[in-house]
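Topology and contacts: notes
Given next are the chains, with one letter for each unit.
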Amino acid sequence: MKLKMSKSTRRIAVIVNYGCILMILVFFGIGKYEGWSAPLVAGAIAAAIVAVVSFILLHMGTRLWKLVHTKVDKLDEREVQITHESLRNSYAIFTVISLLVLMCIALLAGRDDSFLMFIFASLLYLAHTLPSSIIAWTEREI
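Residues numbered from 1 in each chain as written. Predicted model: local features only at pLDDT ≥ 70, side-chain atom pairs only at ≥ 80, totals over all residues. Heavy atoms only, no water.

**Here we look at the confidence of the model for the protein chain**
Rules: The pLDDT value tells you how sure the predictor is about a given residue, anywhere from 0 up to 100. Helix numbers and strand numbers start at the N terminus; a helix is a DSSP run of H or I with at least 4 residues, a strand a run of E with at least 2.
When pLDDT is averaged across the protein chain, the result is 89; 97% of the residues are at 70 or more. Looking across the protein chain, the model is least confident in helix α5 (residues 114-138), with a mean pLDDT of 80, and most confident in helix α2 (residues 38-60), with 97.

Take a look at the structure:
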């Protein structure tokens, strides 16, 4: 059975889900570097439970997970357009966030690590050229 959610409810669920993931990371970071306490463990467990429940309701209940993981030949034209646009935007956002995290790690390493910055620049280049490289690699004619 497909769960019906309004756009605003889905947006709230996305914020709650990612907020819980961020809270888990914060709790884990504090626990790792400052020591684990009972309230910290309880907070991490509560955030994990809410993250799982919101994932199940949002992604599984609405069947959005299935939509974005279905092979293209099994989708209609509208679904192909929706998933293409969502994948394009999500990978662009993921790339920027991942590279910013890597850059912060490089800067917070406490030393001038030019190799980490070179890795950052190389991954930035890869992120921008990989889609067209895949087309160049796979398509007979362009």
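More follows now that the structure is in view.
**Notes on unusual backbone geometry**
Convention followed: Burial classification: accessible surface area is computed with a 1.4 Å probe over protein chains only, and a residue below 20% of its type maximum counts as buried, one above 50% as exposed, and the rest as partly exposed.
Its identity as a non-glycine residue notwithstanding, Arg63 has a phi of 65°, on the positive side. Inspection of the secondary structure puts Arg63 in the loop between α2 and α3 (64-68). Look at Arg63 and you get partly exposed, because its relative accessible area is 40%.

**Here's the deal with the packing of helix α1 (residues 7-34) against α2**
This is how it is decided: Helix axes are fitted only over the stretch in contact, all axes being lines through C-alpha atoms; the angle between N-to-C directions runs from 0 to 180 degrees. Here is the rule for angles: anything less than 35 degrees is roughly parallel, anything more than 145 is roughly antiparallel, 65 through 115 is roughly perpendicular, and the remaining ranges are oblique. Note: crossing handedness is left-handed where the near helix turns anticlockwise from the far helix by less than a right angle, and right-handed where it turns clockwise. We call two residues in contact when some of their heavy atoms are within 4.5 Å. Residues are grouped as follows: Ala, Val, Leu, Ile, Met, Phe, Trp, Tyr, Cys and Pro are nonpolar; Asp, Glu, Lys and Arg are charged; all remaining types, including Gly, are polar.
Contact pair α1 / α2: the axes reach a minimum separation of 8 Å and the direction vectors enclose 150°. Looking at the two axes, α1 sits roughly antiparallel to α2. Here the hand of the crossing between α1 and α2 comes out left-handed. Counting all contacts with α1, which are made through Arg10, Ala13, Val14, Val16, Asn17, Cys20, Ile21, Met23, Ile24, Phe27, Ile30 and Gly31, the residues of α2 involved are Leu40, Gly43, Ala44, Ala47, Ala48, Val50, Ala51, Ser54, Phe55, Leu58 and His59. Within the contact of α1 with α2, the residues separate by chemical class into 17 nonpolar, five polar and one charged.

**Looking at the pattern of salt bridges**
Formally: Note on definitions: salt bridges are taken to be side-chain nitrogens of Lys or Arg within 4 Å of carboxyl oxygens of Asp or Glu.
Counting across every chain of the model gives one salt bridge. Taking the shortest distance from any N to any O, the salt bridge between Glu85 and Arg88 comes out at 2.6 Å. Of the two residues, Glu85 and Arg88 both sit in helix α4 (residues 77-108), three residues apart, roughly one turn of that helix. Of the residues examined, Glu85 reaches a relative accessible area of 34% and is grouped as partly exposed. Arg88 sits in the partly exposed class, given a relative accessible area of 48%.

**Here's the deal with α2**
To keep it simple, the criterion reads: Each residue after the first adds 1.5 Å to the expected span of a helix.
Taking 1.5 Å of rise per residue, 23 residues should cover 33 Å, and α2 covers 32 Å from first to last C-alpha, within 8% of that figure. When α2 is considered as a whole, its buried residues turn out to be Leu40, Gly43, Ala44, Ala47, Ala51, Ser54 and Leu58. At its buried positions, α2 is contacted by α1 and α3.

**Some points on the side chain of Asn17**
The residue Asn17 is located in helix α1 in this model. Using a relative accessible area of 8% as the deciding quantity, one classes Asn17 as buried. Apart from the residues lying within four places of it in its own chain, the contact partners of Asn17 are Ala51, Ser54, Phe55 and His59.

**Observations concerning α1**
Between its terminal C-alpha atoms α1 stretches 40 Å, which fits the 40 Å expected from 28 residues at 1.5 Å a residue. Listing the buried residues of α1 in full gives Ala13, Asn17, Cys20, Phe27 and Gly31. The inward-facing, buried residues of α1 contact α2. In the stretch just after α1, Gly35 is the one whose phi turns positive, near 105°.

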